[in-house]
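Secondary and tertiary structure notes
The primary structure of each chain is shown beneath.
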Amino acid sequence: MDYSQFLAMKQEIGLLIVFLLVFLYDTFLPQRAGKGLPIVASLLMLVLTVAGFFTCFLGSPDVTAFAGMYATSPVMTAIKNILNIGVVIVLIQSIKWANGELMIMRRGEFYELLLVTLFGMYLMISARHFLLFIIGLESASLPLAAMVAFDKNRYESHEAAVKYILTAVFSSAVFMMGLSFVYALSGSLYFNTIGYAIIGQHSTMLCIAIAFVIAGMGFKLSLVPFHLWTADVYQGAPTSVTSYLSVISKGAAAFAFLVIMAQVFGAVYEHIWSWMLYVLIILTITIGNLFAIRQKNMKRFLAFSSISQAGYIMLGVIADNTMGTAAMMYYILVYICSNLAAFGVIGAIENATGRVSMEDYNGLYKTNPRLSVVMMLAMFSLAGIPPFAGFFSKFFIFTGALAVGTVAIYFLVGIALINTIVSLYYYLLVVKAMFISNEECVIPTFRSACSERLGLWITVAGIVFLGLVSPIYNWLLEITAPIASLFV
Amino acid sequence: MFCCGVYGFITRKNMIAILISLELMLNAVDINFALFNRYLYPGHMEGMFFTLFAIAIAAAETALAIAIIINIFRVTRNVDVQGLDKMKL
């Protein structure tokens, strides 16, 4: 065996080293050193992110390893770096929570599980064979169930975990069923071999197989007919886990979905799966928005908002061109910043006062002006108000989709635009509660922890500058340009 | 067999029974892969290997799910899904 192929997996190996260091630190250092673990983990992740950017800028060539099962390219490196940034922010924001009274015994496990899921997502993104993909998918979703159940003292946490694990297993069973049909049709599990084998096929079996695959991934992405677990899980899980689940896990799944649809089923885009995705996107955006309006709990509210955001991300898949891919990566980056800002504020308030309902936010501006401004920026960015980053990401993803140029796509983008206006209403409800509404029992003024403030500053910088600094999008567009040839 | 599993998943009220239905679905997938490999593509073993990995993954899933269900049982003293309605719209 040629061991040099492990060199292709630089980022994975870096992540494994981080994981091992955290594990050894947790196991062998005395109990009182445990307080430093969250900071050490965040720093190690930061080092990994910076190192990842260096490989990115030095130019990592397209490499395949392990008989073509694993592939990496500048695009893969870039999306992994984007996920890394998100993980660093999540880790920084969760330092205070992880150092809380209840977490003393289990602090290490949280970080180990989190790093393992991230490793699974790396594999999902880089896999070029369905066996590796399934292993990545499972190692990305199973430890998450344990993380959702992390608050042992809260019953809701267990309830959320059982809902999450049952739907996750169900969805992966559906996904693998679809794969078995694909295997029957093509006799291979390599992405490109399947891609060539199904060119020009129209059989019912292929339709069913693709529907199963889309349904399986739809559960992970919480697209609408498969979204029922999302709100409960987001509400029940600890806030740090919810933020991780809503941005990192969703971003990785979205990109992996794009790779599968383009490389494996790209040949039958027009007559089999484009209309399936049209229906899913319209349902996802509309129903996510409509349900978000009536939510009273902030975490549930963000759950439905993230469902409709997933619909927008899917526009990048339907575009099926270079611009769509670049726009989608940009959208994921911006979404990471804005959603983590919102979750950071919610987490800070929850840590200080334990309140998460929207009425509690009434009059927040008078007592905690800084937090309310951060929340307002996050809401504006999610709603897509210029000049914040959210506006540009929406703009790019719409133009990417419009480049397809069919009547159906104009219709689709039209509906998405109308929904943006609907979403403005409920995002502004939060802003109104904070700035205009008056309330007797306002949340008292408190000073959030140093780590939480640092996390919020990073996200705010992301929201404000990502939109205005155009080289970022140009750079993404540049590195995605060569992969146009991969779309059959 | 897959359809049996889906039916069980939707209709059963007991979480352990739901888990068994999920196992049915996963096993259906395994058999599918093994069969397709044996009869359609006997030349190489890709499907068989996939089956092996899928069995291992299914075992991990079951272990985790049972651990979580036991946690719930400690709190509520039963394993029916009707009990899981603390969070509603």
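Figured I'd write up the structure that's included with this text. (Residues numbered from 1 in each chain as written. Chains lettered and ligands numbered in written order. Predicted model: local features only at pLDDT ≥ 70, side-chain atom pairs only at ≥ 80, totals over all residues.)

1. Focus on the overall build of chain A
Looking only at helices and strands, one finds 20 helices and two strands in chain A. Here the C-alpha atoms of chain A give a radius of gyration of 22 Å, agreeing with the 23 Å that 2.2 N^0.38 yields for 488 residues. With respect to the three principal axes, the spread of C-alpha positions in chain A is 65 × 55 × 45 Å. Counting every position in chain A, which comprises 488 residues, the buried fraction comes to 59%. (Helix = DSSP H or I, 4+ residues; strand = E, 2+ residues; numbered from the N terminus. Rg over C-alpha atoms; globule rule 2.2 N^0.38 Å. Buried ≥ 20, exposed ≤ 12 C-beta atoms within 10 Å, placed from the backbone.)

2. A closer look at the overall build of chain B
Within chain B, the regular secondary structure consists of three helices and zero strands. Starting at the N terminus and ending at the C terminus, chain B contains elements arranged as α-α-α. Compactness check: chain B gives a C-alpha radius of gyration of 17 Å against a globular reference of 12 Å for 89 residues, more than 25% above the reference. Dimensions of chain B along its principal axes, counting C-alpha atoms only, are 55 × 25 × 20 Å. Residue burial in chain B is summarised as follows: out of 89 residues, 33% are buried. Sequence separation of 24 or more characterises 39% of the internal contacts of chain B that already satisfy a separation of 6 or more. (Contact = placed C-beta atoms within 7 Å.)

3. Quick look at the packing of helix α3 (residues 74-93) of chain A against helix α20 (residues 471-480) of chain A
Residues and elements named next belong to chain A. Closest axis-to-axis distance for the α3/α20 pair is 8 Å, and the angle between their directions is 145°. Handedness of the α3/α20 crossing: left-handed. Together, Pro74, Val75 and Ala78 of α3 and Leu476, Ile479 and Thr480 of α20 make up the contact between the two elements. When its residues are assigned to classes, the contact of α3 with α20 shows five nonpolar, one polar and no charged. (Axes fitted to C-alpha atoms, helices over the stretch in contact; angles between N-to-C directions. Left-handed = near helix turned anticlockwise from the far one by under 90°. Nonpolar A, V, L, I, M, F, W, Y, C, P; charged D, E, K, R; others polar.)

4. Some details on the interface of chain A and chain B
On the chain B side, the residues contacting the 30 residues of chain A number 32 residues. At the level of elements, α6 (130-148), α7 (155-186) and α10 (228-236) of chain A are the ones that each hand at least two residues to the side of chain A that touches chain B. The dominant element in the side of chain A that touches chain B, judged by the number of residues it contributes, is α7 of chain A, at 16 residues. A breakdown of the residues in the side of chain A that touches chain B according to their chemical character gives 20 nonpolar, six polar and four charged.

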